[in-house]
Amino acid sequence: SRVTGTLTVGTANTYTSTVAGQVVQKTFSGTAGEQRGLTLSGFSTSVSGATLNVIVLKPDGTQLTNNNFTAAQTSPTAFIVDLPVLPTTGSYTVQVLPYAYGTNNQPTTTFSGSVLVSADVSATLATNGTATAVTLAQAGQQARVTFSGTAGRDLTLYTSSVSMTGLTYLNYQINRPGGTYLTAGYCYPSGSGCALPLYALPSTGTYEIVFTPYPTATSGSFNVQAWESSRVTGTLTVGTANTYTST
């Protein structure tokens, strides 16, 4: 029979099968619009090199996502699955089972490992230069930082104090009000920080910055700042010096 249980978001849970080919499935509660991730770590299989499936089922029983992995992909660095935005409210099922295809004998394996359902970190960013500290405490998390922008004004985004174990670089994507893509960039942990100017914001509303570490099995912290400004204008007279001052 299948091994069943309940998952708590943010708490690791052990998945162990005791019979070859057994399915282990556990559920977590999700709300429409939430962003979740899966972190699979420390898996072992009785058949060396066997491939496993991790499948997430929506409340209606249809698949949300389906990924293959091996135990070697879960240690020492975890295997991360970034789930799509949850489409409905209800009980989601996370299944782990041996991968079966054609004459593949890997269903004969048993397995054990840790599964963590992670929630993205949310924060609000002021546009007057006040720093917002962001901490990703669990592997697989993203940070979603929002700020209010005004159409036609310029904004400078600055990321600094990046301290994340094993980080190669920190990706960030900026989405317009309504969620469509505006621009993207990345920041290396070395150096004093990374600045990204956004000239003439396209609309007024709430913008979202999505920070994703690479590799995704990374945790740590960083600071974000933003300055929104209107342009200083004036007239130049040929042959006369003019002072340019930003505030």
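Please refer to the structure higher up on the page.
Attention in this report is confined to the structure presented alongside it. (Residues numbered from 1 in each chain as written. Predicted model: local features only at pLDDT ≥ 70, side-chain atom pairs only at ≥ 80, totals over all residues. Heavy atoms only, no water.)

This part is about the layout of surface pockets. Regions of empty space are outlined by a rolling probe, equal in size to a water molecule, passed over the atoms. Approximately 240 Å³ is the volume found for the largest pocket. Lining the largest pocket are Thr127, Asp154, Trp227, Glu228, Ser229, Ser230, Arg231, Val232, Thr245, Ser246 and Thr247. Top element by residues in the lining of the largest pocket is strand E18 (residues 220–229). It accounts for three residues. Partitioned by chemical class, the residues of the lining of the largest pocket number two nonpolar, six polar and three charged. The volume enclosed by the second largest pocket comes to roughly 170 Å³. Along its surface, the second largest pocket is lined by Val232, Thr233, Gly234, Thr235, Leu236, Asn242, Thr243, Tyr244, Thr245 and Ser246. (1 Å grid on protein atoms, 1.4 Å probe; cavity = no way out; pocket = protein on both sides within 12 Å on 5 of 7 lines; lining within 4 Å. Points joined across faces, edges and corners; volume = space filled by probe spheres on them. Helix = DSSP H or I, 4+ residues; strand = E, 2+ residues; numbered from the N terminus. Nonpolar A, V, L, I, M, F, W, Y, C, P; charged D, E, K, R; others polar.)

With that out of the way, let us pick up the packing of aromatic side chains. Under the defined criterion, the tally for this structure stands at eleven aromatic pairs. Pairing Tyr169 with Tyr214 gives two aromatic rings, centres 5.2 Å apart and planes at 20°, and the pair type is stacked. In this pair, Tyr169 sits in strand E14 (residues 169–175) while Tyr214 sits in strand E17 (residues 205–214), placing the two residues 45 residues apart along the sequence. By relative accessible area, Tyr214 is classed as partly exposed at 42%. Ring centres 4.8 Å apart and planes at 45° place the aromatic pair Phe211 and Phe222 in the tilted group. (Phe/Tyr/Trp six-rings, centres within 6.5 Å; stacked < 30°, edge-to-face > 60°. Buried < 20%, exposed > 50% of the residue type's maximum accessible area, 1.4 Å probe, protein only.)

Grouped together as the largest cluster of nonpolar side chains are 26 residues, with contacts concentrated most on Leu125, Leu157, Tyr172, Ile209, Phe211 and Phe222. Mapped onto this core, the elements with two or more residues apiece are strand E11 (132–136), strand E12 (143–149), strand E13 (154–164), E14, strand E16 (194–198), E17 and E18. No other element matches the four residues that E13 contributes to this core. Among all residues touching Phe211, those that are not within four sequence positions of it are Gln142, Ala143, Val145, Thr159, Leu170, Asn171, Tyr172, Phe222 and Val224. One finds Leu40, Leu52, Ala71 and Phe111 within the second-largest nonpolar core, a separate group that totals 23 residues. (Core = buried A, V, L, I, M, F, W, Y, C linked by side-chain atoms within 4.5 Å. Contact = heavy atoms within 4.5 Å.)

In spatial order, the strands read E11-E18-E13-E16; together these four strands make up an open sheet with antiparallel pairing. The sheet is open, and its two edges are formed by E11 and E16, each paired on a single side. Shown here is a sheet whose adjacent strand axes are inclined to one another by a mean of 20°, direction ignored. Summarising the sheet, E11 and E18 pair through five bridges and their orientation is antiparallel. When the bridges of E18 are listed, Thr132 appears paired with Val224. (Pairing = 2+ DSSP bridges. Axes fitted to C-alpha atoms, helices over the stretch in contact; angles between N-to-C directions.)

Below, the discussion takes up the sheet that holds strand E2 (residues 13–16). In space, the four strands of this open sheet follow the order E2-E9-E4-E7, with antiparallel pairing throughout. In the strand order of this sheet, the two ends are held by E2 and strand E7 (79–82), each with one partner. Along the sheet, successive strands turn relative to each other by an average axial angle of 25°, direction set aside. Strand direction decides the pairing type here: strand E4 (residues 36–45) and strand E9 (residues 111–119), joined by eight bridges, are antiparallel. Its bridge partner lying in E9, Gly37 is registered against Ser118.

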